[in-house]
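# Fold and geometry: a report
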Amino acid sequence: MDPRIGSHYNNPSFGYGGYCLPKDTKQLLANYKDVPQNMIQAVVDANNTRKRYIADAVLAKEPACVGVFRLTMKSNSDNFRASAIQDVMKNIKQADVPIIIYEPTLENGSEFFGYEVVNDLERFKTESDVIVANRYDDVLSNVEDKVYTRDLFRRD
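Below, the structure is looked at part by part.

### As for the pairing of strand β1 (residues 66-69)
Burial along β1 is two-sided: the residues Val66 and Val68 and Gly67 and Phe69 are all buried. Relative to strand β5 (residues 130-132), β1 runs parallel, the two sharing three bridges. Bridging across to β5, Val66 finds its partner in Val130.

Dropping the structure here:
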């Protein structure tokens, strides 16, 4: 009956990111470098493997253009500093596949780390062969067949 236990936290993501957990895991690695253990490094490695897996799954669809729907990690957030999707994007870029970003908090026509920002949602949907969305949004319902997400429960 404890509300902290259950499926609420079992909604997959593209890995962890942000400005706290990556910094914290690096600090833990440094703090315990002389302690025989491999758990912390395994967490870091698993996160990198997860992001590579996401990129590979998107690339397996052989898109001519990948659309990234929001840079944020969760709904109703405007913070995307060091979000996991950025590492996924780097992995996709290595395959020379163009990427466009739909991110309303950024200026339309601007660039984010060299990727074009397209805030015309219909243009974004049309130009994207695959739309990568960490969290599903109902505005994507008319192109749901293009959406790649791990958001099983469609909620944060």
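### With respect to the side chain of Lys51
Inspection of the secondary structure puts Lys51 in helix α2 (residues 39-59). Exposure remark for Lys51: the relative accessible area of 5% places this residue in the buried category. In this structure Lys51 touches Phe14, Tyr16, Ala84, Asp87, Val88 and Asn91, once residues within four positions along its chain are discounted.

### Quick notes on the sheet that holds strand β2 (residues 99-102)
Strand order in the open sheet made by the six strands is β3-β4-β2-β1-β5-β6, with mixed pairing throughout. The strands lining the two open edges of the sheet, one partner per strand, are β3 (111-112) and β6 (147-148). Packing against the sheet, helix α3 (residues 84-93) makes contact with β1, β2, β3, β4 (115-117) and β5, and its axis sits at approximately 155° to β2.

### Considerations on the packing of α2 against α3
Between α2 and α3, the shortest axis-to-axis distance is 8 Å and the interhelical angle comes to 50°. Our classification of the angle between α2 and α3 gives oblique. As α2 packs across α3, the resulting crossing turns out to be right-handed. Between α2, through Lys51, Arg52, Ile54, Ala55, Val58 and Leu59, and α3, the contact on the second element is made entirely by Ala84, Asp87, Val88, Asn91 and Ile92. Looking at the contact of α2 with α3 residue by residue, the classes come out as seven nonpolar, one polar and three charged.

### Here's the deal with the nonpolar core
Formed by 24 residues in total, the largest nonpolar core has its most connected members in Phe14, Leu71, Ile85, Met89 and Ile92. Within the residue set of this core, elements represented by two or more residues are α2, β1, α3, β2, β4 and β5. Counting 13 residues, the second largest nonpolar core, distinct from the first, contains Phe124, Ile131, Ala133 and Tyr136.

### Structural notes on the pattern of salt bridges
Within the structure shown, the criterion is met by nine salt bridges. With a closest N to O distance of 3.0 Å, Arg70 and Glu103 form a salt bridge. You can see Arg70 sitting in the loop between β1 and α3 and its partner Glu103 sitting in the loop between β2 and β3, a full 33 residues away along the chain. Look at Arg70 and you get partly exposed, because its relative accessible area is 22%. Taking relative accessible area as the criterion, Glu103 reaches 0% and is therefore assigned buried. Within this structure, Lys51, Asp87 and Lys90 form a network of salt bridges that share partners.

Rules behind the numbers
- Residues numbered from 1 in each chain as written.
- Predicted model: local features only at pLDDT ≥ 70, side-chain atom pairs only at ≥ 80, totals over all residues.
- Heavy atoms only, no water.
- Buried < 20%, exposed > 50% of the residue type's maximum accessible area, 1.4 Å probe, protein only.
- Helix = DSSP H or I, 4+ residues; strand = E, 2+ residues; numbered from the N terminus.
- Pairing = 2+ DSSP bridges.
- Contact = heavy atoms within 4.5 Å.
- Axes fitted to C-alpha atoms, helices over the stretch in contact; angles between N-to-C directions.
- Parallel < 35°, antiparallel > 145°, perpendicular 65-115°, else oblique.
- Left-handed = near helix turned anticlockwise from the far one by under 90°.
- Nonpolar A, V, L, I, M, F, W, Y, C, P; charged D, E, K, R; others polar.
- Core = buried A, V, L, I, M, F, W, Y, C linked by side-chain atoms within 4.5 Å.
- Salt bridge = Lys/Arg side-chain N within 4 Å of Asp/Glu carboxyl O.

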